[in-house]
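Below are the chains, spelled out letter by letter.
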Amino acid sequence: NAGVTQTPKFRILKIGQSMTLQCTQDMNHNYMYWYRQDPGMGLKLIYYSVGAGITDKGEVPNGYNVSRSTTEDFPLRLELAAPSQTSVYFCASSYQGSGNTIYFGEGSWLTVV
Amino acid sequence: SQELEQSPQSLIVQEGKNLTINCTSSKTLYGLYWYKQKYGEGLIFLMMLQKGGEEKSHEKITAKLDEKKQQSSLHITASQPSHAGIYLCGADPKAGGTSYGKLTFGQGTILTVHP
């Protein structure tokens, strides 16, 4: 069972570079999310999507962009990487959001130097 | 906005001991999720609670949501080294409408179990 798959698992970026974190789920879930986790902190929501073609900002969206062209995929784009974006990124999905189990991927460790 | 406070921040126990982790919310909890996190393995879903007074168990882990729906506890009975990791509580802030499952998380509790 694949569930929520994230790539890459580890990446080092230089300041000013751009990259895309990939996320795909095979559970036919409508809702997908991107969170970041800083050391000693809980997860904070970056962006979320309630279906293909629909995305919205979370708590910490600055410096990121997302798209949702298919139900399965929800890539997170980092433009002009900054050291403050060094973090662990988690993608998650859920069938219908509130009241439903939310499944997380294994995380992507990003370092910006 | 809703804030979650977990206590303790870290916990070291001897194998076989019982332990409790608490998650206290600044607002009413409409859905409370418990996850376990191990390095390199992402978040593993444990349980979800929605009703005041609700209690759920899975193997040696029991989670409860208090009647007032502002605090949840996670209790591990006869802890084992396999229970070690970071335990996170996440709250669904839905109030009236839907929050789309946008969770607010506590800072996590680091559990170490010595054999």
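Let us now look at the side chain of Ser108(A). Residues and elements named next belong to chain A. Secondary-structure assignment places Ser108 in strand E11 (residues 108-112). Side-chain polar atoms of Ser108 contact the side chain of Gln6, separated by 3.2 Å. Reaching out from Ser108, the side chain makes a polar contact with the backbone oxygen of Pro8 at a distance of 2.7 Å. Not counting residues up to four positions away in its chain, the partners in contact with Ser108 are Gln6, Thr7, Pro8, Lys9, Leu21, Ser87, Val88 and Tyr89.

Once that is clear, we can look at the sheet that holds strand E3 (residues 19-25) of chain A. Residues and elements named next belong to chain A. In space, the four strands of this open sheet follow the order E1-E3-E8-E7, with antiparallel pairing throughout. Each edge of the open sheet carries a strand with a single partner, namely strand E1 (4-7) and strand E7 (64-66). If you compare each strand with its neighbour and ignore which way they point, the axes differ by 20° on average. Summarising the sheet, E7 and strand E8 (residues 76-78) pair through three bridges and their orientation is antiparallel. Note that in E8 the partner of Asn65 across the bridge is Arg77.

Looking now at the interface of chain A and chain B. On the side of chain B, 23 residues touch chain A, which itself brings 24 residues to the contact. For the chain A and chain B pair, buried surface summed over both sides reaches about 1800 Å², with 57% attributable to carbon and sulfur atoms. Along the contact surface separating chain A from chain B lie four residue pairs in polar contact (both at pLDDT 80 or more). Looking at the side of chain A that touches chain B, the elements with two or more residues in it are strand E4 (31-37), strand E5 (43-51) and strand E10 (102-104) of chain A. Among the residues making up the side of chain A that touches chain B, the classes are represented as 13 nonpolar, nine polar and two charged.

Parameters at a glance
- Residues numbered from 1 in each chain as written.
- Chains lettered and ligands numbered in written order.
- Predicted model: local features only at pLDDT ≥ 70, side-chain atom pairs only at ≥ 80, totals over all residues.
- Heavy atoms only, no water.
- Helix = DSSP H or I, 4+ residues; strand = E, 2+ residues; numbered from the N terminus.
- Polar contact = N/O pair within 3.5 Å; in protein donor to acceptor, adjacent residues only side chain to side chain.
- Contact = heavy atoms within 4.5 Å.
- Pairing = 2+ DSSP bridges.
- Axes fitted to C-alpha atoms, helices over the stretch in contact; angles between N-to-C directions.
- Buried area = accessible area lost by both parts, 1.4 Å probe.
- Nonpolar A, V, L, I, M, F, W, Y, C, P; charged D, E, K, R; others polar.

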